[in-house]
Amino acid sequence: MRRIMSIKVTDVQVRIIERNKNSKIVAFADVILNESFCVKNCRIIDGSKGIFVVMPSIKNNKTGNFDDVVYPINKETREEINNAILEKYKKEAKNDIDI
């Protein structure tokens, strides 16, 4: 019988970057899962429909597409990671503006 392990976000670090007019990236985030696994360089994007999270990816030289290096395979884990990153980003962005 296969046991499904619960994934919990245990820490998030956000690095807000200076906006480049040619880029929609507003920050990068590192996420620690279950105090055991780190996902580095998630991107926080300010798109036409709002702010969202993109998992780390690399360019596939054969297809020209970008493939995620790591990614959640179920909706619940994706939502938990995205919500934790965006919550931390909003807190950090507010602090950055208040300075």
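A few points on the structure. Being a predicted model, the structure only gives us computed values, none of them experimental.

About the cut-offs
Residues numbered from 1 in each chain as written. Predicted model: local features only at pLDDT ≥ 70, side-chain atom pairs only at ≥ 80, totals over all residues. Heavy atoms only, no water. Pairing = 2+ DSSP bridges. Helix = DSSP H or I, 4+ residues; strand = E, 2+ residues; numbered from the N terminus. Buried < 20%, exposed > 50% of the residue type's maximum accessible area, 1.4 Å probe, protein only. Contact = heavy atoms within 4.5 Å. Salt bridge = Lys/Arg side-chain N within 4 Å of Asp/Glu carboxyl O.

Notes on the pairing of strand E3 (residues 37-47)
Step number 1: Pairing of strand E2 (residues 25-33) with E3, which is carried by seven bridges, proceeds in the antiparallel orientation. Across the sheet, residue isoleucine 25 finds its bridge partner in E3, namely isoleucine 45.
Step number 2: Following E2, the chain reverses through three residues before pairing antiparallel with E3; asparagine 34 in that reversal takes a positive phi of roughly 50 degrees.
Step number 3: As paired strands, E3 and strand E4 (residues 50-54) are joined by five bridges and run antiparallel to one another. Across the sheet, residue isoleucine 44 finds its bridge partner in E4, namely valine 53.
Step number 4: The hairpin formed by E3 and E4 contains two residues between the paired strands.

Describing the side chain of threonine 77
Step number 1: The residue threonine 77 is located in helix H1 (residues 75-98) in this model.
Step number 2: A relative accessible area of 14% means that threonine 77 is categorised as buried.
Step number 3: If sequence neighbours within four positions are ignored, threonine 77 has contacts with Ile7 and Pro72.

Brief notes about the environment of proline 56
Step number 1: Relative to the elements of secondary structure, proline 56 occurs in the loop between E4 and strand E5 (57-59).
Step number 2: For proline 56, a relative accessible area of 11% corresponds to the buried category.
Step number 3: Separated by 22 residues in sequence, proline 56 and arginine 78 have C-alpha atoms that sit 13 Å apart.

Quick notes on the pattern of salt bridges
If the charged atoms of two oppositely charged side chains come close together, the side chains can form a pair.
Step number 1: Applying the stated criterion to the full structure yields six salt bridges.
Step number 2: Residue glutamate 79 pairs with lysine 75 through a salt bridge whose shortest N-O separation is 4.0 Å. Of this pair, glutamate 79 and lysine 75 both sit in helix H1, four residues apart, roughly one helical turn.
Step number 3: Using a relative accessible area of 39% as the deciding quantity, one classes glutamate 79 as partly exposed.

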